[in-house]
Amino acid sequence: MARILFHLILQRGIDMEDKVIEVNFGPQHPSTHGVLRIKVKLDGEIIVDAQPVIGYLHRNAEKLSEMGSYPKATIYMDRLDYVSALNMELGYVLTVEKLMDAQVPERALWIRMMLVELNRIASHLIWLGTHGLDMGMLTPFFYCFRERERILRIFDEISGSRLLYNYFAIGGVYSDITPKSISMIKEFVDDYEKKLEEIQSIFAKSYIYVKRTKDVGKLSMEDSISYGVTGPILRASGKKWDLRKNQPYLFYDKVNFDVPTRQEGDVYARFLVRIEEMRQSVKIVRQVLDKIPDGEFYNKKFSKPMLVRLKATGESYIPTESPKGEFGVYVIGDGSTIPYRVRIRSPSFANLSSVPAMLKGYKIADLTATVSSIDPVFGEVDR
Amino acid sequence: MSDSILMTTLDEAMNWGTGKSLWPFTFGLACCAIEMMSAMGSDYDWARFGSDVFRDSPRHSDLMIVSGTVTKKMAPRIRRLYDQMAFPKFVISMGACASAGGPYVRGYSVVDGVDQVVPVDVYVYGCPPRPEALIQALKQLQDRIVAGKVKH
Amino acid sequence: MIQVESESVGKDGTKIVYVPKENLLEFMKEKKEEGFDMLLMVTGVDYRDHLEVVYHLLSTSTGNRIVVKTKTEGEVDSVTSLWKGADWHERETWDLVGIKFRGHPNLKRILLAEGWVGHPLRKDYPMDKKQYVNLAEDGEDTVSFDPSEGY
């Protein structure tokens, strides 16, 4: 009798230990990436499944772009990936110029290239600062934001605004770069690499950081390609694919730079890839500063007053390499002044969909490190 | 009891204490959150005004800065977070989207301003507002609290 | 070899092919075997009398791109068995344009709240009829046309 009771109790104990708990990692949380909600299923401390729930910042950028004219839609593109707004404007403006068969002067294209690379450095600096904050380190946040302020002052001098510019026009850029801004850029690139060494050493010399990020959040190359993941995550998983080298646009085939790649595919590899990308961007900016020709910066044919608007027919999609991955805008025009369909291919949307594959089998404490290494920006994911 | 003459100095002291040490609750939704983070950085130094502790839990903080667009899916959760804060609590609505809808006001899933969800004390305009504008809003709120004009 | 209905070239130089919707899955299998290993995005377009689904494909080994389109009245086969990234893109197309994907494991709304009525990116969506969202006690969203019941 006692043996039967003993077996019954043991059985119930085993059954109760098999339950899987669901935890809500809600839309507001300390890891400052915006409004992401993840429903995590835990078996003890091991993650069994992690499903992201998005849509908390759905701001109808596509529908509103289809209700206005072509130049008006640029303001919605700015606010997609708000930390690197010029990359977003570039993707839109290149497509619309193809639709309208616009000729853009050479000086404008070189200016665009230089500012887009500076914006890439600014975006990676925000990532570095907030990644340190997620891992519990407060110092890199202040160092990175101090460097970023110098870039924002350059943009303020050129375009009048710090964060959201509305500077790239259809047919060129709205205003020229001044000699003062050129001297500010020269001063920045001269000593940026020393500062980057300082920031990198804070992370690399910290034993805890390296232990927390090596072999965590691995994504294989086949999985990355199947999920549509592009950008630094794909390059850290072993595939050398960068649109600036493989399918060049603007004048990327006329400057020298490398594409950093790693084989491991974990969080530490993504960190190293982004740091190296910042160094290559500085190299590009230095070369472009010597190569900018003089001339026109705006094709005046496209600066028509409000009453006479620009018409476009056909469809096109020009992909560009933004700091998060492949970004492009697919525009269908039907011959009128209003676009018929505007569809935004956002890299963070595809990158975030690979979270279940990245987190399965790891512990709950690895969740913040993995999600922050994807670098999602929610203006882009939810549009 | 707090209107009697015996309590006026104590009231003033408490208002001064509340106003000069507001602890913000980071509620960064969209682009304005990046300018709020820049205001926290070393160039614009928000910490010298007494708010150097950014608390991540609503139960520990008394100032909520709503920075970014409020969508219909997110609005009930903002209300829930506001209800979890303890009195006295204050709200700054930062940016054009949180004040009145911003560039997205004609959208089908955007709430026209956060004042339809929670009561707001100070509005900051701009898209996005410069960090100096946010610091000016903080100073205005501090002056109103210290003068005793905000009853919470 | 599946025969395509028509071929053309877009303004950016990419080949565009129209495929009848019955042969869509077979055609996509052929394309995946040819080397198009990345699906970039799935778009739904409302042309007032019919709907279209547009797929952008990329081959990371050769760099070729191709655009595959198909006309439909409302239902298409899902390609989640070929590319895992198609999962979220198809959910978004169902949410905003209203095209159903047969064989999708989890076809629910992804950007709007569950319970939203209508598909906003259609050309006949009434923008003046606003809907209001609130949070029920169990953590799920409730949607209604009554302004006093939500935000």
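The preceding data block contains the structure.
Residues numbered from 1 in each chain as written. Chains lettered and ligands numbered in written order. Predicted model: local features only at pLDDT ≥ 70, side-chain atom pairs only at ≥ 80, totals over all residues. Heavy atoms only, no water.

Draft legend 1. Seen up close, the interface of chain A and chain C. Tallying the contact residues gives 42 residues for chain A and 41 residues for chain C. Taking both partners together, chain A and chain C bury about 3,700 Å²; carbon and sulfur atoms supply 57% of that area. On the surface where chain A and chain C come into contact, there are seven salt bridges. Arg383 of chain A serves as the salt-bridge partner of Glu92 of chain C, at 2.8 Å between the closest nitrogen and oxygen. Here chain A and chain C share 20 residue pairs in polar contact (both at pLDDT 80 or more) between them. Mapped by element, the contributors of at least two residues to the side of chain A that touches chain C are α2 (61-65), α4 (85-100), α9 (221-227), β6 (313-317), β8 (325-334), β9 (341-345), α13 (347-352) and α16 (378-382) of chain A. By residue class, the composition of the side of chain A that touches chain C is 19 nonpolar, nine polar and 14 charged. (Contact = heavy atoms within 4.5 Å. Buried area = accessible area lost by both parts, 1.4 Å probe. Salt bridge = Lys/Arg side-chain N within 4 Å of Asp/Glu carboxyl O. Polar contact = N/O pair within 3.5 Å; in protein donor to acceptor, adjacent residues only side chain to side chain. Helix = DSSP H or I, 4+ residues; strand = E, 2+ residues; numbered from the N terminus. Nonpolar A, V, L, I, M, F, W, Y, C, P; charged D, E, K, R; others polar.)

Draft legend 2. Quick look at the interface of chain C and chain B. With 21 residues of chain C at the interface, the matching set in chain B holds 14 residues. With both sides pooled, the region where chain C packs onto chain B buries about 1,300 Å², and carbon together with sulfur makes up 61% of that total. At the junction of chain C with chain B, the criterion picks out one salt bridge. One salt bridge connects Arg77 of chain B with Asp141 of chain C, and the closest N-O pair in it is separated by 3.2 Å. There are two residue pairs in polar contact (both at pLDDT 80 or more) connecting chain C and chain B. When residues in the side of chain C that touches chain B are grouped by element, the largest group, four residues, is from strand β8 (residues 132-135) of chain C. Of the residues in the side of chain C that touches chain B, the class split is 15 nonpolar, three polar and three charged.

Draft legend 3. Seen up close, the sheet that holds strand β3 (residues 38-46) of chain C. Residue and element names in this part refer to chain C. Within the open sheet, the five strands sit side by side as β1-β2-β5-β4-β3. Their pairing is mixed. With one partner strand each, in any of the chains shown, β1 (6-9) and β3 form the two edges of the open sheet. Adjacent strand axes in the sheet meet at a mean angle of 20 degrees, parallel and antiparallel pairs treated alike. Two strands pair when backbone bridges link them, and β3 and strand β4 (residues 51-58) are joined in this way by eight bridges, in the antiparallel orientation. Within the sheet, the bridge partner assigned to Gly44 lies in β4 and is Val53. Sitting on the sheet, helix α1 (residues 24-34) touches β2 (15-18), β4 and β5 (65-72), and the angle it makes with β5 is about 175 degrees. (Pairing = 2+ DSSP bridges. Axes fitted to C-alpha atoms, helices over the stretch in contact; angles between N-to-C directions.)

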